[in-house]
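Structure assessment
Residue strings, one per chain:
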Amino acid sequence: MALVSATSLVAPALADRYAIGHFNINGADWLETYLKVAQTTKTPIIVATSDRIIDFLGGFDYMARYVRFMMQALSVTVPVALHLDHGLSVDHVYQAIDAGYTSVMFDGSKLPIGENVALTKEVVAYAHAHHVSVEAEVGSVGGNENGLVNGIRYASVADAVEMASTGIDALAAALGSVHGDYVGRPNLNFERMAEIAAATKLPLVLHGASGILDDQIQQAIQLGTAKININTEVNTVWTSAVTKALQAKRSNHDPQPILTAGKQAIAYLVEAKMKAFHVLGKSTRLSSMS
Ligand code: 13P
């Protein structure tokens, strides 16, 4: 199956109150595992590359070709979107679209709202002409994203409404979540989430979802969150499984069992997240709609 836009996955999720899992790719094993879990469980998925590590991953063109190749090689028939996570400039977003990404995020959250909105509008025009969906951020998700550290700034309803006027397809409204590990319990502003969902009518995106407990995930979904981003937790389970396997096989230089342990840990976590997002097995319905 060809890659699809994120909107084609997220719009039905919003209507039926479940959420599509967005999982970041940190290497070949991540992508292969995500696709295998999605296919085996018949679940739609968004696989994402963070702009900050795109050079490490080989570049936009490499990743766009690689994801398509891997889908073909694994006979993937469930719908998959390839998403640019936290696009750092309009130019980078255009590069991803030209390479064949089917969904992009322009992250102008560090800019004044007027500038963020103006640049997002440009991105929307270019992306929609290429049938690519657009996510934007208002407020600021806190924490540590691949070395970028910043504080939480809660999104306002006014900024969210202004951003919605650009024609974006999904809105990352920062409401207390952080990238990376939480210190203490996440403090999500659900009241504001409900107000923003009602005022914009857009599917909301929950960034920094690693470490957010299932009851809060359910609440967010019920209030209109239809895309949930996971990166840190996948890397945490991979690192701890690989470390354990390395310690158990100190005298053995064969990487296969070590990396297999990492893949298994990712697979287990991704399936559990899909279950928690109520998206597990939803692709049968989506493909019959398209
Ligand atoms: P975590 O790293 O907290 O899982 O957040 C991922 C994310 O929001 C990617 O955009």
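Residues numbered from 1 in each chain as written. Predicted model: local features only at pLDDT ≥ 70, side-chain atom pairs only at ≥ 80, totals over all residues. Heavy atoms only, no water.

What follows deals with the packing of aromatic side chains. To describe a pair of aromatic rings, one takes the distance between the centres and the angle between the planes. Under the criterion given, the structure shown has five aromatic pairs. Aromatic pair W30 and W238: ring centres 4.8 Å apart, planes at 40 degrees, arrangement tilted. A residue pair is termed long-range when its members are at least 10 positions apart, and W30 in helix 2 (residues 28-41) and W238 in helix 10 (residues 232-248) qualify at 208 residues. As far as the burial class goes, W30 and W238 line up, both buried. The ring of Y18 carries the charged tip of K282 above its face, separated from the ring centre by 4.9 Å. (Phe/Tyr/Trp six-rings, centres within 6.5 Å; stacked < 30°, edge-to-face > 60°. Helix = DSSP H or I, 4+ residues; strand = E, 2+ residues; numbered from the N terminus. Buried < 20%, exposed > 50% of the residue type's maximum accessible area, 1.4 Å probe, protein only. Lys NZ or Arg CZ within 6 Å of the ring centre and 35° of its normal.)

Bringing the UniProt feature "active site" (unreviewed entry) in the chain into the picture now. Mapped onto the present numbering, the UniProt feature "active site" (unreviewed entry) falls on D85. By secondary structure assignment, the location of D85 is in strand 3 (residues 80-87). (UniProt positions renumbered as here; feature names shortened; annotations may be inferred.)

We now examine empty space enclosed by the protein. Under the defined criterion, the tally for this structure stands at two cavities of 30 Å³ or more. By volume, the largest cavity is sized at about 70 Å³. If you trace the largest cavity, you find it lined by A6, T7, V10, H83, S103, S133, V134, E135, D169, A170 and K227. For the lining of the largest cavity, the class distribution of residues is four nonpolar, four polar and three charged. Lining the second largest cavity are L171, A173, L175, M193, L204, V205, L206 and T225. Elements with a contribution of two residues or more to the lining of the second largest cavity: strand 8 (170-173) and strand 10 (204-206). Residue contributions to the lining of the second largest cavity peak at three residues, all from strand 10. Classifying every residue of the lining of the second largest cavity by side-chain character gives seven nonpolar, one polar and no charged. (1 Å grid on protein atoms, 1.4 Å probe; cavity = no way out; pocket = protein on both sides within 12 Å on 5 of 7 lines; lining within 4 Å. Points joined across faces, edges and corners; volume = space filled by probe spheres on them. Nonpolar A, V, L, I, M, F, W, Y, C, P; charged D, E, K, R; others polar.)

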